[in-house]
Amino acid sequence: DERSRIPMITGITASSPASGLASRRGTFAGGGGGGVGVGRGPPSRVAISVRRSPSSLRVAAGARAEPGSVREWIERNLDAGAVTDVSRGGSSGWAEFSTYDTESGKRFFVKTSRRDPSMFIGEGAGLNAMFETNTLAIPRVYYAGATPEGSREGNSFIVMDHLNFGGRGDQAEFGRQLALMHAATPAVEEARAGKFGFTVDNTCGDTPQPNGWMDDWVQFYLERRIRHQLRLARDSTLTELGEKVCERAPLWFEPCGTIKPSILHGDLWSGNIGTVDGKPSVFDPAVYYGHSEAEFGMSWCAGFSQKFYDAYFEVLPKVETHFEERRQLYLLYHYLNHYNLFGGGYRGQCVGIMKGLLA
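Draft legend 1. Local environment of the overall build of the chain. For the chain, the count of helices and strands is 9 helices and 15 strands. Counting only residues that meet the buried cut, the chain has 57% of its 359 residues in that class. A sequence separation of at least 24 residues applies to 68% of the contacts in the chain between residues at least 6 apart. As presented, the chain carries roughly 15,500 Å² of accessible surface, and 48% of it is formed by carbon and sulfur atoms.

Draft legend 2. Summary view of the sheet that holds strand 9 (residues 165–166). Spatially, the 3 strands line up as an open sheet ordered 9-13-14, and their pairing is antiparallel. Since the sheet does not close on itself, it has two edges, and those belong to strand 9 and strand 14 (279–282), each with one partner. Sheet topology places strand 9 next to strand 13 (residues 273–276); 2 bridges connect them, and they run antiparallel. Opposite Gly 166, over in strand 13, you have Thr 275 as the bridge partner.

Draft legend 3. Examining unusual backbone geometry more closely. In the Ramachandran plot, Asp 277 falls in the positive-phi region, its phi being about 55 degrees despite a non-glycine side chain. You can see Asp 277 is positioned in the loop between strand 13 and strand 14. Non-glycine residue His 322 carries a positive phi angle of around 65 degrees. Its location among the elements puts His 322 in the loop between helix 7 (306–315) and helix 8 (323–342). A residue is classified by how much of its surface remains accessible, and His 322, at 24% relative accessible area, is partly exposed.

Draft legend 4. Main features of the nonpolar core. Among the nonpolar cores identified, the biggest contains 77 residues, and Phe 198, Trp 217, Ile 226, Leu 238 and Leu 329 are the most heavily contacted of them. A per-element tally of this core places helix 8 first, with 9 residues. Excluding residues that lie within four positions of it along the chain, Leu 329 makes contacts with Tyr 221, Leu 222, Ile 226, Val 245, Ala 249, Trp 252, Phe 253 and Leu 357. One finds Val 83, Phe 108, Tyr 143 and Phe 157 within the second-largest nonpolar core, a separate group that totals 14 residues.

Draft legend 5. Representation of the pattern of salt bridges. A full pass over the atoms with the stated rule returns 19 salt bridges. Across the salt bridge formed by Arg 152 and Glu 66, the nearest N and O atoms sit 2.7 Å from each other. Here the residue Arg 152 occupies a position in the loop between strand 7 (141–146) and strand 8 (156–161), and Glu 66 occupies one in the loop between strand 3 (55–58) and helix 1 (70–77), the gap between them amounting to 86 residues. Under the relative-accessibility criterion, Arg 152 is labelled exposed at 70%. Here Arg 227 and Glu 243 are joined by a salt bridge, their closest N and O atoms 3.0 Å apart. Taken together, the residues span a long stretch of sequence, with Arg 227 in helix 5 (residues 217–233) and Glu 243 in helix 6 (residues 236–253) at a distance of 16 residues. With relative accessibility at 29%, the residue Glu 243 sits in the partly exposed group. Residues participating in the shared-partner salt-bridge network are Glu 223, Arg 227, Arg 231 and Glu 243.

Draft legend 6. Highlighting the side chain of Asp 101. Structurally, the position occupied by Asp 101 is in strand 5 (residues 96–102). Residues in contact with Asp 101, not counting those within four places in the same chain, are Ala 82, Val 83, Thr 84, Asp 85, Lys 106 and Arg 107.

Draft legend 7. Focus on the packing of aromatic side chains. Under the defined criterion, the tally for this structure stands at 36 aromatic pairs. Ring geometry for Trp 217 versus Tyr 288: centroids 6.4 Å apart, planes at 10 degrees, classification stacked. Highlighted residues: Trp 217 in helix 5 and Tyr 288 in strand 15 (residues 288–290), separated in sequence by 71 residues. Each of the two residues, Trp 217 as well as Tyr 288, counts as buried. Connected via pairs of aromatic rings, a cluster forms that spans Phe 174, Phe 296, Phe 304, Phe 308, Tyr 309, Tyr 312, Phe 313 and Phe 323.

Rules used in this analysis
- Residues numbered from 1 in each chain as written.
- Predicted model: local features only at pLDDT ≥ 70, side-chain atom pairs only at ≥ 80, totals over all residues.
- Heavy atoms only, no water.
- Helix = DSSP H or I, 4+ residues; strand = E, 2+ residues; numbered from the N terminus.
- Buried < 20%, exposed > 50% of the residue type's maximum accessible area, 1.4 Å probe, protein only.
- Contact = heavy atoms within 4.5 Å.
- Areas by Shrake-Rupley, 256 points an atom, 1.4 Å probe, with all protein chains shown as cover.
- Pairing = 2+ DSSP bridges.
- Core = buried A, V, L, I, M, F, W, Y, C linked by side-chain atoms within 4.5 Å.
- Salt bridge = Lys/Arg side-chain N within 4 Å of Asp/Glu carboxyl O.
- Phe/Tyr/Trp six-rings, centres within 6.5 Å; stacked < 30°, edge-to-face > 60°.

Written out as structure tokens, the structure reads:
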């Protein structure tokens, strides 16, 4: 199996006060990552990615890589031969994007940043977990963590296979593959044991997303998602409404019976969906193990068609009773997140959702 031959490469996470997870190691054994740089931003606004005209640097034959550089790391660790070309592809608000060509023909997509390694480690671990389901097209991550000593390319980087992303493709096939990903046996021991969370904390947009493991899905979602966002908002009206919603929420999950942990992309909107050679693909995740229905929390800007839902629920049948209440609760997390990130009218939408749930 090709996946079993992927080298184990380790990154170090930063400490995460939000969930009480101390510094820990995250291991990457063939994960995923995007082959394009995709900017983040509120779906109702222009994405914050700053696109530059790509520039290409031809590497002279026999020239030595600069010590501590990404190029040196690739040449030493990936068995792809010397780097022959480096293309600078643009940037987001916090990372620079590049493509590295090698003499073997392999291409690697690299992101570098001046931030600490925690965001890349979270991204790499999440893509790895989705990759292991063998469903959607998810490229392989080879490293995510701190830059080598002496590097002049920031404080952190992530290296992955370069993939050429295309448009949305067939919605029914995307729905089917997403459901198969949710139905797959978890790659992480804690999730296989029925726990909810993830091996590392990560981010949803730029917002810290705590993922400390919990045994009960409803309590995980209310504490690690809804109350977490309410604490960040520091808004007495939102907090008061939110606590009332949290008191009522367990009732809406009773028809679901035992909820099994599914690997979730976690931030599935239209800007994070595409295809690779016609096969459905997703990128820029906020991964954790949770209830499969939580994946629809960004459906208000994902453009899912009826064909998508029909194909999805053919694989994972829909639990009709209280589905709408659960759907609204899952939307609430992302509306609260958008309010904390961007302010403005998102507060009114949060209030409206909560009042609707309490009506």
